[in-house]
Amino acid sequence: MSEIQDFALLANKLSERIPLPAPAIFLLAAAVTVHFWPSLGRKLSVLDVERLAVVALIVILFDGGMRVGWKRFRVAAVPITVLGVFGTFTTAALVALAGRYLFDFSWTGAGILGAALAPTDPAVMFSVLGKREVGGRTGTILEGESGVNDPVGIALMLGMIDFATHADASFWVVVRELALELSVGLVIGVVGAWVVLQSIRHIRLANPALYPLRWLAAAGVIYGLAAVAHGSGFLAVFVAGIVIGDADYPRRRDVERFHTSLASLAEVVVFIALGLTVNKVNLEPVWKDAILIALVLAFLARPLGIAPFLAPLHLRRGERVFVMWSGLKGAVPILLASFTLLDHVPGAERIYGIVFVVVAFSVIVQGGTVPFAARRLGVPMRLVHGGDP
């Protein structure tokens, strides 16, 4: 536990002193390190990174759901759900159009690129907003959206890969995969959280240190059950976290501290792993296109993709622009891009390289400017000092 808190504290302190979110610091440090010592990244395969990212996201999404909680979620449930589902689709579609007509992708490759880049990333969002209190509903919307749109993006990507790798597949495969993943994940998340809550309230443990570990094991079981049932395990653990976020159970404060620290450690590990894989693909042929795609995504696809769904909300203009700008990318897009490499999708190396550069741009440039953007757009944001990491 002390080692977890030390890593989390290091990440938090660095992000306070350097105007970059913690993931950007570790991503850059790992990329620079592997550039001078290439042997460090040779034993880390794309499959290893994919497995690390899955485990890290389970921890991060579960903790993120607990931090959002049901009381905060229900206040902004409609915008979170609409942005997380329909906003992801429209953003993916706009990126796909750009990939097809501006960067000479096939329609299938463009669709896969759009699916990879549409989701925002909970690790980055929780890192940027975790120690900052954002006024109004904007903070809750951004945190909730990043938790909801990841399962949507993953289901969309799995459907697109199935479509790309099977000659007789139709686009209905994508629709069917999405509907199944989300519905099963939602049900198992709610039911799983209720069952675990009941057992924890009635079964006492002799050692208090076991309470946080029991919740961690429960998150793993909920993810596994959803995955076995062909549902979204990521949605299941996020929903379970929301359900238990405001619930009363033994040693709640200890559980929350443990999972927040563990999520910070998971964030550090996954971004170091991503940085160490920078030499797995040749970025030289794609970096210019990737920067252009990052600009299209930040200034066109993301704002235009979610603007229609923000319009009915009672948000000030500055708050809407802030939500548009703060759609940060991170480990999830790279995880999705790694699926293309593992499934040998045509053009996978180009997609992976572009996604890597876009994520680096988003984490460093957009992530580093979120507090500045909040000030300029009149969105109340203050750093919350003290407390546990």
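Our subject is the structure listed above.
Predicted model, so just to flag it, every value in this text is computed and none were measured. (Residues numbered from 1 in each chain as written. Predicted model: local features only at pLDDT ≥ 70, side-chain atom pairs only at ≥ 80, totals over all residues. Heavy atoms only, no water.)

**Q** Explain the overall build of the protein chain to me, and be specific about the residues and the numbers.
**A** Across its full length, the protein chain holds 16 helices and two strands. Across the 389 residues in the protein chain, those meeting the buried criterion constitute 58%. Contacts in the protein chain between residues at least 24 apart in sequence constitute 82% of all its contacts with a sequence separation of at least 6. For the protein chain, the exposed surface amounts to about 16600 Å²; the carbon and sulfur share of it is 65%. (Helix = DSSP H or I, 4+ residues; strand = E, 2+ residues; numbered from the N terminus. Buried < 20%, exposed > 50% of the residue type's maximum accessible area, 1.4 Å probe, protein only. Contact = heavy atoms within 4.5 Å. Areas by Shrake-Rupley, 256 points an atom, 1.4 Å probe, with all protein chains shown as cover.)

**Q** So what's going on with the pattern of salt bridges? Residues and values would help.
**A** Taken as a whole and judged by the stated rule, the model has six salt bridges. Salt-bridge contacts for R67 lead to D63; the nearest nitrogen and oxygen are separated by 3.2 Å. Placement of the pair is R67 and D63 together in helix α4 (residues 46–75), with a separation of four residues, close to one helical turn. Classification of R67 as partly exposed rests on a relative accessible area of 32%. Taking the relative accessible area as the measure of exposure, D63 reaches 2% and is therefore buried. R251 is the salt-bridge partner of D254, the closest N and O atoms lying 3.5 Å from each other. (Salt bridge = Lys/Arg side-chain N within 4 Å of Asp/Glu carboxyl O.)

**Q** Summarise the nonpolar core; cite the residues concerned and give the values.
**A** General note: in soluble globular proteins, nonpolar side chains tend to be found buried as a group. By size, the foremost hydrophobic cluster in this structure holds 133 residues, and its most contacted members are L113, W215, F234, F271 and V355. Ranked by the residues each element gives to this core, the list is headed by helix α16 (residues 348–376), at 15 residues. (Core = buried A, V, L, I, M, F, W, Y, C linked by side-chain atoms within 4.5 Å.)

**Q** Could you give an account of unusual backbone geometry, with specific residues and numbers?
**A** Of note, D104 is a non-glycine position whose phi angle comes to about 60°, a positive value. By secondary structure assignment, the location of D104 is in the loop between α5 (77–101) and α6 (107–117). Of note, H344 is a non-glycine position whose phi angle comes to about 55°, a positive value. With respect to the helices and strands, H344 occurs in the loop between α15 (331–342) and α16. For H344, a relative accessible area of 67% gives the class exposed.

**Q** Outline the side chain of N149, listing residues and values.
**A** With respect to the helices, strands and loops of the structure, N149 is situated in helix α8 (residues 138–165). Residue N149 is classed as buried on the basis of its relative accessible area of 0%. A distance of 2.9 Å separates a polar atom in the side chain of N149 from a polar atom in the side chain of T120. With residues near it in sequence (within four places) discarded, N149 still touches G84, T88, P119 and T120. (Polar contact = N/O pair within 3.5 Å; in protein donor to acceptor, adjacent residues only side chain to side chain.)

**Q** Explain the packing of helix α2 (residues 22–36) against α16 to me, and be specific about the residues and the numbers.
**A** Closest axis-to-axis distance for the α2/α16 pair is 9 Å, and the angle between their directions is 135°. The angle between the axes of α2 and α16 places the two elements in the oblique class. Judged by the sense of rotation from one axis to the other, the crossing of α2 with α16 is left-handed. For the pair α2 and α16, contact is made by P23, A24, L27 and L28 and by F356, A360, V363 and I364, respectively. When grouped by side-chain class, the residues that make up the contact of α2 with α16 number eight nonpolar, no polar and no charged. (Axes fitted to C-alpha atoms, helices over the stretch in contact; angles between N-to-C directions. Parallel < 35°, antiparallel > 145°, perpendicular 65-115°, else oblique. Left-handed = near helix turned anticlockwise from the far one by under 90°. Nonpolar A, V, L, I, M, F, W, Y, C, P; charged D, E, K, R; others polar.)

**Q** Provide a residue-level description of the packing of aromatic side chains, including the pertinent values.
**A** Counted under the stated rule, the structure contains eight aromatic pairs. Considering the side-chain rings of F62 and W215, the 6.3 Å spacing of their centres and the 35° angle between planes classify their relative orientation as tilted. With a gap of 153 residues between them, F62 in helix α4 and W215 in helix α10 (residues 210–228) connect regions that are remote in the sequence. Residue F62 shares its accessibility class with W215, and that shared class is buried. One aromatic cluster is present, formed by F62, W215 and Y249 through successive ring pairs. Taking the ring centre of F105 as reference, the NZ or CZ of R350 above it sits at 4.0 Å. (Phe/Tyr/Trp six-rings, centres within 6.5 Å; stacked < 30°, edge-to-face > 60°. Lys NZ or Arg CZ within 6 Å of the ring centre and 35° of its normal.)

**Q** A description of the environment of F258 should follow, citing residues and the corresponding values.
**A** Within the fold, F258 resides in helix α12 (residues 252–276). Along the primary structure F258 and P212 are separated by 46 residues, whereas in three dimensions their C-alpha atoms are 6.4 Å apart.

**Q** Lay out the environment of A22 in plain terms, naming residues and giving numbers.
**A** As for its position among the elements, A22 is in helix α2. Overall, A22 belongs to the buried group, its relative accessible area being 2%. Separated by 342 residues in sequence, A22 and I364 have C-alpha atoms that sit 9.7 Å apart.

**Q** Describe α15, with residues and values.
**A** Given 3.6 residues per turn, any residue in an α-helix points the same way as the ones three and four places further on. Here α15 is twelve residues long and its end C-alpha atoms lie 16 Å apart, about the 16 Å a rise of 1.5 Å per residue gives. Where burial is concerned, most of α15 is hidden: eleven out of the twelve residues are buried. Residues A331, V332, P333, I334, L335, L336, A337, S338, F339, T340 and L341 constitute the buried set of α15. Directly beyond the C-terminal end of α15, a positive phi value near 55° is found at H344. (Expected span 1.5 Å × (residues − 1).)

**Q** Account for the environment of G245, naming residues and giving values.
**A** Here G245 shows up in helix α11 (residues 233–245). For G245, a relative accessible area of 5% gives the class buried. As for G245 and G65, which are separated by 180 residues in sequence, their C-alpha atoms are 6.8 Å apart.

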